[in-house]
Structure formats: structure tokens, C-alpha cells
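Read off the chains here:
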Amino acid sequence: MAMEDFKAAIYEGRVTDAASNVIGKPLQYFSEVPLNIAVVGEPGSGKSSFVNAMLGLRAGDPGAAETGIQTTTVDVKAFPHPHLLNVIFWDLPGKGAASFGEDVFAKINLNRFDFFIIVGAQRFRTIHADLVNEIQGMSKKFYFVRSNTDLDLEASKRQRPSDYNEERILLRIKDDCHEGLRREGATNPQVFLVSSYETKRFDFPLLWERLKNDLLGLRRKAFLLNLPSISLPVLNNKKTAMKKQILIRAFWLWIFAAIPIPGLSYFPARKVHSWCYHNFGLGDLSLRDLAQLVGKTAATLKAVMKPLSFISVFLWGFAELVRAVVIIGDYTYFQHFPLYGYLLSGGISLLSTYVMLNKFVSNATDNTQRVLTEALMCEAKKSI
Ligand SMILES: Nc1nc2c(ncn2[C@@H]2O[C@H](COP(=O)(O)OP(=O)(O)OP(=O)(O)O)[C@@H](O)[C@H]2O)c(=O)[nH]1
Ligand SMILES: [Mg+2]
């Protein structure tokens, strides 16, 4: 329902209403928003085993992800959680893993996922740092899961049985992860040490608790981050509708073609330009309200808007000049009323004005999307 309200408000140029329609909603409102969780990490780090553990399955169970000692996962596969509504775990191939000589991970568009769980089996490495940077670059969140904790402890026990202290070893592993993550600029990184075969031990229960606590916030963030993709088709529909109205306005502006002064139609064209902007909700007052709603200044929102391209302004100016030359040339040559000059000039003017007004609408459409994205991204970044 609110999605329909959001779309209607966008279409009607009420950008602040559109944004407040989602920003002001309580967290519970987002309880059914799909959350796509990508499980990423180096090859063989235990991603598929972790997905199974999250689903309450064991390797080999029906519906479980395939696991193995060799490179196993070569495709992206979805695993909807059986009890968490619309929570989908995505088992991904390992970063850097090659399948038939192809880097399969590099081809995956990570932006389609809402949240990430990085699974690392060894100490914090460049591969993890790269993933952290990529995820943070998309303004998305992640947990860092260190798998194989059972094996780490076993190895330590075997190496130095007399000195063995489980708590100290776990702390050291966790510190290493925290340090690596902080180096990459992660604030308040969430690190969990787990064994996918012993889901009652180590941080596995803590991880579940954390995820359940964060779930609504993550769903809200996913919803906000996906809004620009919802507003785009609405704005494109509006653009098509506006372009139909533009012909009538071009016709009015055409009247100015009768006056052979280059640039005179600039003033009415400017009026149409601001009509377009107001229609899309990009007027000063509208932007001020939107900026206030998302805690930004109107100037920051305006800064993301793009002006009309230089080439279109230049072509329009050039057409203006040509039509003036045509009238004056006709008048000087025939020494009487320049009928043909007016007709030709009118034709040039109608065409150039029509093209220019179309550019106004396209420019306003693009800028509305830019402003909305900036406003909603800012709110999405703030959340969780
Ligand atoms: N002991 C122990 N073994 C694990 C754990 N997690 C994974 N393994 C084992 O590690 C190996 C690799 O596990 P997978 O889950 O297939 O790893 P993956 O990251 O999905 O591998 P790719 O898909 O090939 O990148 C398997 O033999 C698992 O049984 C863990 O927490 N503890
Ligand atoms: Mg796998």
C-alpha cells in the first residue's frame, strides 16, 4: 500500500511526501521486506557449510547446499530460510575461484544483495579486505564470520597441549579479525567465531541473536536502498506523459519565432524549464522540505543535479541565430515582407524549441532520480 503511495507521490511531483511515506514508518512496517543475504569469502572457507548451518541442515540433507574439499560452488544459488519470512541466503562461489578458467565471482553483481556475511577460514587476508571495501562502497553492511573454529582449537591443542587455553585462543582470533576490519575502516565490526558443525558452540547462538535483532533494521535498509529502482520506471512514465504535453507548449513558444531577435524565446523557454522542475517536485520549496526531512541542506541535494548538456544549449542558440539570419536575409533580398523567411524561421523555431523542451523534461526526470537517490541513500546509510 505504502509502495503505491510512494509511486503516486513521485508521479505527482510530491517528492517529500514520497520520502516521508517510507522514512517515517516504524520498523515493524518492513517486516516482510525481502532480505537477500550473500555469503561470500575465499574458496573453501566454509560458505556452503555455513549456509546449511543457518538453514538448520547438514551436508547431504535434501535442499542443503553442496559442500566439499575441492572447489564446489560455481554458481550463485538461493536458499530461502524455512522460518524467517523472505530471508534468502545466497551461496556464492569463492572469491578468486576459477571454473573452466573463468573467474566466476568477478562476474557476480554484488549490488543485487542487501546484506553480506563474509566467511573466512584463516587469518584476515587481502581477499577479506577487498570484500569489505566493496561492500562498504555500496553502503551496505556485513558480518564477519570466522569458520572452522573447532579446527583452530584442535590444532592449537595439538601444538601446545600444556599451554592450551581455549578462551585466550578465541580472543586472539577475534582480535585478529577486528584489527583487520578496522584497518579497512569498518566501524563497530561484527565478528563471530563459529563451527558450522557445532551450532550450539562458540558464537553461533550469538550470531543468530544478533541477526534476529538486526533483521528489521536490515530489511528497512534494503527497502530504502532499493527505492531508486522503484522510482525510476515511475519517473519514466511521467516523462512520457510530459513529453506529450510539451508539443502544445512548443507551439506557444513558436509565436516568438515571428520576432527576428535571436534568443528572445529564451525567456519563455526558461518559464517552461521551471514548470518542468516544479512538476517533478524540484522547485526550491520542495527541495528545502525534502532536505529537511532527510537532515541535509537543499544545496547538497541541488549539488547532485546535472545542468542541461552544453551541446543542446549550443544547438538551440545556433538555431535561434539561423532563423534570425533567414528573416533578415529574406527581408533585405526581396525588400518587402519576408513571408518565406518567416515560414522557414517558424519551422526552425518549432523544431528547435520542441527538441529543447524535450531535453528539459529528460533533464528534470534524471535530476529527480538523482535527488531522490541522494535523499534516500542518505537515510539508508544512516540506518543500522
Ligand atoms: N571442521 C569444520 N569443517 C568445516 C567447517 N566449515 C566447512 N568445513 C569443511 O570445509 C570444507 C569446505 O567447506 P564448504 O562449505 O564446501 O566451503 P565453501 O566455501 O562453500 O567452498 P567453495 O564453494 O568451493 O568455495 C568442507 O570439507 C567442509 O566440511 C567448520 O566450521 N568446521
Ligand atoms: Mg561452496
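What counts and how
- Each chain has its residues counted from 1, following the order in which its sequence is written.
- Chains carry letters from A onward and ligands carry numbers from 1 onward, assigned in written order.
- Reporting in this predicted model follows two pLDDT cut-offs: at least 70 for local features of residues, and 80 or more for side-chain atom pairs to be given and counted; totals over whole chains, interfaces and linings ignore these cut-offs and use all residues.
- Excluded from the side-chain calculation are hydrogens and water; included are all heavy atoms of the structure.
- Burial status follows relative accessibility: with a 1.4 Å probe on protein chains alone, a residue under 20% of its type maximum counts as buried, one over 50% as exposed, and anything between as partly exposed.
- In DSSP terms, a helix is any run of H or I states spanning at least four residues, a strand is any run of E spanning at least two, and both are numbered starting from the N terminus.
- Paired strands, in this sense, are two strands between which DSSP finds at least two bridges.
- Each direction from the helix axis to a C-beta atom contributes to the arc, which is the arc of those directions.
- In what follows, a contact means two residues having at least one pair of non-hydrogen atoms within 4.5 Å.
- Orientation is described by axes fitted as lines to C-alpha atoms, over the contacting stretch for helices, and by angles from 0 to 180 degrees between their N-to-C directions.
- Note on terminology: angles under 35 degrees are roughly parallel, angles over 145 are roughly antiparallel, angles of 65 to 115 are roughly perpendicular, and the others are oblique.
- Note on convention: near helix rotated counterclockwise from far helix by under a right angle means a left-handed crossing. Clockwise means right-handed.
- The nonpolar class holds Ala, Val, Leu, Ile, Met, Phe, Trp, Tyr, Cys and Pro. Asp, Glu, Lys and Arg form the charged class, and all remaining residues, Gly among them, are polar.

Asks: Explain the pairing of strand β1 (residues 35–41) to me, and be specific about the residues and the numbers.
Replies: The buried fraction of β1 is high, at 7 of 7 residues. Where burial is concerned, the two faces of β1 agree: the one with Leu35, Ile37, Val39 and Gly41 and the one with Asn36, Ala38 and Val40 are both buried. In the sheet, β1 pairs with strand β3 (residues 87–91) via 5 bridges, with the strands oriented parallel. Among the inter-strand pairings, Ile37 is bridged to a residue of β3, identified as Phe89. Bridge count between β1 and strand β6 (residues 115–120): 5 bridges; the pairing is parallel. Residue Gly41 lies in a different strand from β6, and its bridge partner there is Val119.

Asks: Summarise helix α9 (residues 284–294); cite the residues concerned and give the values.
Replies: For α9, the complete set of buried residues consists of Ser286, Leu287, Leu290, Ala291 and Val294. Summarising the axial view, the buried residues of α9 lie within an arc of 130 degrees, below the 170-degree limit, and thus occupy one face. Seen from the buried face of α9, the exposed residues on the opposite side, beyond 90 degrees, are Asp284, Leu285 and Gln292. The elements touched by buried residues of α9 are α2 (15–23), α10 (298–303) and α12 (339–382). Gly295 sits one or two positions beyond α9 and adopts a positive phi of about 70 degrees.

Asks: Tell me what's going on with the packing of α2 against α12, and back it up with residues and numbers.
Replies: Contact geometry for α2 and α12: axes closest at 11 Å, N-to-C directions at 25 degrees. What the angle tells us is that α2 and α12 run roughly parallel. In this structure, the crossing between α2 and α12 has a hand that is right-handed. Touching Val15, Ala19, Val22 and Ile23 of α2 are Thr368, Leu372, Leu376 and Glu379, all from α12. Tallied by class, residues from the contact of α2 with α12 come to 6 nonpolar, 1 polar and 1 charged.

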